[in-house]
Structure formats: C-alpha cells, structure tokens
Amino acid sequence: LLSREAVFPNAAVGPAATTRLAQLSAEAQAEIAAERAPLEAEANALQGLPETPENLARAQAFGQRWQALQQKAEHTAREIEATRQAALARISDAAQPVIAEVYAGKNCGLLFDRNPALGGNLGNDLTAGVVEGLDRRISTINFDRERLPHTTAP
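Counting restarts for each chain, with residues numbered from 1 along the sequence as it is written. With the structure being a predicted model, the display of local features is reserved for residues of pLDDT at least 70 and the display and counting of side-chain atom pairs for 80 or more, all residues being used for whole-chain, interface and lining totals. As a rule here, side-chain values come from all non-hydrogen atoms in the structure, and water together with hydrogens is ignored.

Moving on, we get to the overall build of the protein. Secondary structure elements follow DSSP: runs of H or I of four or more residues count as helices, runs of E of two or more count as strands, with numbering from the N terminus. The number of helices and strands found in the protein is four helices and zero strands. Of the regular secondary structure in the protein, the N- to C-terminal order runs α-α-α-α. Along the longest, intermediate and shortest principal axes, the C-alpha atoms of the protein span 80 × 30 × 25 Å. With 154 residues in all, the protein has 28% of them scored as buried. Note on contacts: a residue pair qualifies if any of its non-hydrogen atoms lie within 4.5 Å across the two residues. The long-range fraction of contacts in the protein, counting pairs at least 24 apart against all pairs at least 6 apart in sequence, stands at 84%. To measure how exposed things are, a 1.4 Å probe is used in the Shrake-Rupley method; for residues, cover is taken only from the protein chains shown. If you sum the accessible surface of the protein, you get close to 9,900 Å²; carbon and sulfur atoms cover 55% of it. A simple rule labels every residue: compare its accessible area, found with a 1.4 Å probe on the protein chains alone, to the largest value its type can have, and call it buried under 20%, exposed over 50%, or partly exposed in between.

A few words on the packing of helix α2 (residues 13-46) against helix α3 (residues 53-105). Angular values range over 0 to 180 degrees, each being the angle between N-to-C directions of two axes fitted as lines to C-alpha atoms, with helices fitted over their stretch in contact. For the pair α2 and α3, interaxial distance at closest approach is 10 Å and the crossing angle is 180°. Accordingly, the angle class assigned to the pair α2 and α3 is roughly antiparallel. Of the residues belonging to the contact of α2 with α3, the class tally is 16 nonpolar, four polar and nine charged. Just so you know how the angles are binned, under 35 degrees is roughly parallel, over 145 roughly antiparallel, 65 to 115 roughly perpendicular, and the rest oblique. Amino acids are sorted into nonpolar (Ala, Val, Leu, Ile, Met, Phe, Trp, Tyr, Cys and Pro), charged (Asp, Glu, Lys and Arg) and polar (every other residue, Gly among them).

For the rest of this paragraph, the subject is the side chain of Thr-83. By the element assignment, Thr-83 lies in helix α3. Residue classification places Thr-83 among the buried residues on the basis of a relative accessible area of 1%. Among all residues touching Thr-83, those that are not within four sequence positions of it are Leu-21, Leu-24, Phe-143, Asp-144, Arg-145 and Glu-146.

Every case where a carboxyl oxygen of Asp or Glu lies within 4 Å of a side-chain nitrogen of Lys or Arg is listed as a salt bridge. In the structure shown here, the tally under the stated rule is 10 salt bridges. Among the ionic pairs, Lys-72 bridges to Glu-35, the shortest N-O distance being 2.3 Å. In this pair, Lys-72 sits in helix α3 while Glu-35 sits in helix α2, placing the two residues 37 residues apart along the sequence. Take Glu-35: its relative accessible area is 34%, and that puts it in the partly exposed class. One salt bridge connects Arg-145 with Glu-79, and the closest N-O pair in it is separated by 2.9 Å. Here the residue Arg-145 occupies a position in the segment after α4 (127-137), and Glu-79 occupies one in helix α3, the gap between them amounting to 66 residues. One exposure class covers both Arg-145 and Glu-79, and it is buried.

What follows is about the nonpolar core. Counting 23 residues, the largest nonpolar core has Val-13, Ile-91, Val-130, Leu-134, Ile-141 and Phe-143 as its most contacted members. Those elements that provide at least two residues to this core are α1 (4-10), α2, α3 and α4. Tallying contributions element by element places α3 first for this core, with seven residues. Excluding residues that lie within four positions of it along the chain, Val-13 makes contacts with Ile-91, Leu-134, Asp-135, Ile-138, Ser-139, Thr-140 and Ile-141. Put simply, a nonpolar core is a bunch of buried Ala, Val, Leu, Ile, Met, Phe, Trp, Tyr and Cys residues held in one set by side-chain atoms that sit within 4.5 Å of each other. Grouped together as the second largest cluster of nonpolar side chains are five residues, Ile-32, Leu-39, Phe-62 and Leu-69 included.

Once that is clear, we can look at the environment of Ala-43. Among the secondary structure elements, Ala-43 is positioned in helix α2. As for Ala-43 and Leu-148, which are separated by 105 residues in sequence, their C-alpha atoms are 30 Å apart.

Right, let's get into α4. Those residues of α4 that fall on the buried side of the exposure criterion are Thr-127, Val-130, Val-131, Gly-133 and Leu-134. The elements touched by buried residues of α4 are α1, α2 and α3.

A relative accessible area of 12% means that Arg-145 is categorised as buried. The definition of a polar contact used here is a pair of N or O atoms within 3.5 Å, where within protein one atom must be able to donate a hydrogen and the other to accept one, and adjacent residues in sequence count solely through side-chain atom pairs. A distance of 2.9 Å separates the side chain of Arg-145 from the side chain of Glu-79, its partner in a polar contact. Ignoring any residue separated from it by four or fewer positions in sequence, one finds Arg-145 in contact with Leu-24, Ala-28, Glu-31, Thr-76, Glu-79, Ile-80 and Thr-83.

Set out below in structure tokens:
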C-alpha cells in the first residue's frame with residue numbers, strides 16, 4: 001500500500017514547496033493589490049460626479065482599466081495554479097524512482113493506493129519508506145512562477 005497524498009506533505013520537499021508557492025502567491029497578490037489601490041481611489045473620486053460627457057468618458061476609461069486589472073488577476077491566478085502543478089509534478093517525478101526502489105525492496109507483487117483501503121495488513125504500507133527515501137534524495141526544490149501566454153477573448 002502507498003498513499004501518494006501522504007508522501008508529499010510528510011517529505012521535507014513538500015512543505016518547502018508549499019512555502020515557496022505561498023511566497024510566490026503573496027508576491028502576485030501584492031502586485032495586483034498595488035495596482036488595485038489607485039483604481040479604488042479613482043472609483044471613489046468618480047462616485048457622485050455629475051453625468052457630464054467628460055465624466056462619462058472618465059468612467060468608461062476607468063471601467064476598461066478595472067476590467068484589465070481583473071483579467072490580469074485571473075491570469076496571475078492561472079499562473080500560480082500552473083506553478084503549483086509544475087512543482088507537484090517535479091516532486092512526483094523525484095518520488096517515482098524512490099517508490100520503485102522501496103517497492104522492489106519489499107518484494108511486492110502489487111502496489112495499491114492506501115486511501116481507499118478499508119483494512120488489511122498495514123505493515124506493508126510503503127509510505128513511510130518512500131518519505132524517508134525521498135528525504136534522502138531531495139529536501140527542497142527551487143522554482144519561480146510559471147509564465148503563461150496572455151490570451152485575448154474573441
């Protein structure tokens with residue numbers, strides 16, 4: 001039996017990747033917040049102004065900038081999710097040879113996911129051995145935010 005879901009948070013590389021991902025996410029949120037603050041101030045300034053052609057043009061221009069910021073925030077969220085997926089894939093790739101090694105060392109005939117198992121001989125659970133082996137191979141990974149191409153709506 002093996003719980004891949006338990007390997008990632010219990011191996012040293014999992015929390016290290018989580019910490020780095022949180023850092024990248026906070027940086028992205030700060031970037032969006034820095035752009036949102038002046039727009040919110042402008043929105044407050046536009047409230048209650050008379051509907052003159054000049055004010056309507058300002059409001060329309062503001063709406064376009066606000067929409068652009070929302071699109072940027074959505075794009076940034078997709079980049080953070082792509083970063084998370086890439087980090088998990090790297091950890092999974094690093095774990096695969098460890099899983100094979102521990103599996104072979106126990107002379108296993110079959111390997112099952114532990115999570116749906118309701119009972120049985122949990123002494124044959126390879127999860128702890130995989131965590132130990134992964135810790136010997138890798139304790140952290142370095143990665144930056146994935147950059148996705150900008151797409152435009154049709």
